Amino acid sequence: MRSGPNDVTMTDHTDRKRETAASFGAAADAYLESDVHGEGRDLETLADWCADATTALDVATGAGHTAGALADRGVPEVVGLDASPEMVRTATDAFDGVAGVVGDAERLPVADDGVDAVTCRIAAHHFPDPEAFVAEAARVLTADGRLVVEDNVAPPDPDLGAFLNRVERLRDPSHVESYTVEQWREWLRDAGFTVERTARFKKTLDFDAWAAAQSLDGETRERVETILREADADARDLFEIETRDGDVESFANLKAIFEATLSE
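Structure report, in brief. Fair warning: this is a prediction, and the values are worked out from it, not measured in the lab. (Residues numbered from 1 in each chain as written. Predicted model: local features only at pLDDT ≥ 70, side-chain atom pairs only at ≥ 80, totals over all residues. Heavy atoms only, no water.)

1. Structural notes on the pattern of salt bridges
Our working definition: Any carboxyl oxygen of Asp or Glu that lies within 4 Å of a side-chain nitrogen of Lys or Arg is treated as forming a salt bridge with it. Strands here mean DSSP runs of E at least two residues long; helices mean DSSP runs of H or I at least four residues long; both are numbered from the N terminus.
Tallied over the entire structure, the rule returns 16 salt bridges. Arg146 is the partner of Asp52 in a salt bridge, and the nearest nitrogen-oxygen pair spans 3.7 Å. With Asp52 in the loop between helix H4 (41-49) and strand S1 (55-59) and Arg146 in strand S5 (residues 141-154), this residue pair connects regions lying 94 residues apart in the sequence. Among the ionic pairs, Arg221 bridges to Asp208, the shortest N-O distance being 2.6 Å. Note that Arg221 is positioned in helix H11 (residues 218-229) and Asp208 in helix H10 (residues 207-212), a separation of 13 residues in sequence.

2. Topic: the environment of Val134
For clarity, the cut-off: By the convention used here, residues are in contact when the closest approach between their heavy atoms is within 4.5 Å.
Topologically, Val134 is positioned in helix H7 (residues 130-140). In the structure, Val134 is positioned 59 residues away from Phe193 in sequence and 9.2 Å away in space, judged by C-alpha atoms. Every residue in contact with Val134, bar those within four places of it in the chain, is listed here: Trp184, Trp187, Leu188, Ala191 and Phe193.

3. Some thoughts on the packing of aromatic side chains
This is how it is decided: Two rings from Phe, Tyr or Trp (for Trp, the six-membered ring) form a pair when their centres sit within 6.5 Å of each other. Planes less than 30 degrees apart are called stacked, planes more than 60 degrees apart edge-to-face, and all others tilted. Relative accessibility under 20% of the residue-type maximum defines a buried residue, over 50% an exposed one, and the middle range a partly exposed one, all with a 1.4 Å probe and only protein chains included.
One pass over the full model with this rule turns up 7 aromatic pairs. Between Tyr179 and Trp187 the ring centres are 4.8 Å apart and the planes differ by 70°, which places this aromatic pair in the edge-to-face class. No difference in accessibility class separates Tyr179 from Trp187, as the two residues are buried. For the pair Phe207 and Trp210, a centre-to-centre distance of 5.8 Å together with 40° between the ring planes defines the contact as tilted. Residue Phe207 and its partner Trp210 are both found in helix H10; the two are separated by 3 residues, about one turn of the helix. The pair Phe207 / Trp210 is uniform in exposure class, with both members buried. Feature note: the residues Tyr179, Trp184, Trp187 and Phe258 constitute an aromatic cluster, connected by ring pairs.

4. A short note on helix H9 (residues 181-190)
Basically, it comes down to this: An arc is given here, and it is the one of the directions from the helix axis to the C-beta atoms.
Here H9 has its buried residues at Val181, Trp184, Trp187 and Leu188. Buried residues in H9, looked at end-on, bunch into an arc of 125°, giving them a common side. In the core, the buried residues of H9 are packed alongside H7, S5, strand S6 (179-180), strand S7 (193-206) and strand S9 (247-262). Backbone geometry just downstream of H9 places Gly192 in the positive-phi region, at approximately 95°.

5. So, the pairing of S9
Two faces, one strand: in a regular strand the side chains alternate between the faces of the sheet. The cut-off we apply is this: Between any two strands, at least two bridges found by DSSP are needed for them to pair.
The buried fraction of S9 amounts to 14 of the 16 residues, a majority that puts the element mostly inside the structure. Across 7 bridges, S5 lies against S9 in antiparallel orientation. Note that in S9 the partner of Val148 across the bridge is Glu259. One ladder, built from 13 bridges, connects S7 with S9; its direction is antiparallel. By the bridge assignment for S9, Arg200 is matched with Ala256. Sheet topology note: the strand S8 (residues 242-244)/S9 ladder contains 3 bridges and is antiparallel.

Structure, rendered in structure tokens:
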């Protein structure tokens, strides 16, 4: 485990979290309507893996799509947690059977052994300290509980990983980092989890819609599009970058879902 943050790092993390919560709060309605977050086989898979839970905490719930999917699967008690009050209100208004709480993913306001499922979908790349989130999930889970995390992931090749994170940070300054599958497995093991299943997949993103989700326009949009358009052969192949008449049409995000249970 990493050593605890110093005072300067803690202040930096707090400021970043406030800025991120504010930016996502302003986009709550857009996230509710987002196809990337609101539909897909990945959402169904995550909900399926938690269908037998009785109490579920969806961390960084956003507009509530994952919490809503858990409630639809029949999980009796579902709580969506987010740092943004606007997101929490959106989630609880939009999805029946979902309660809400404003809170920090790295300091969960939940008692030890308080829930038997923790979920987190397409959010941890915004966390300043995702390892702290994993440790908190281990703390709040019952002995027979499970953690299911889905996120964008980086390829093992460090140059391709740096390319991906550069693009993501330009598009969205709240992006901290997409990590490799092996890094996630290491964090899970260090927190006392056994990784039961890992599903890897790619999701094709329409460039215009992806850019619009962060109101990306003008010079910044052009910089992002130029980086994608001028990517080398390895990046074009891995991220399936498609162009037409000099414009980027689409590219693929790498994603993974992890199911982990606490080791005996």
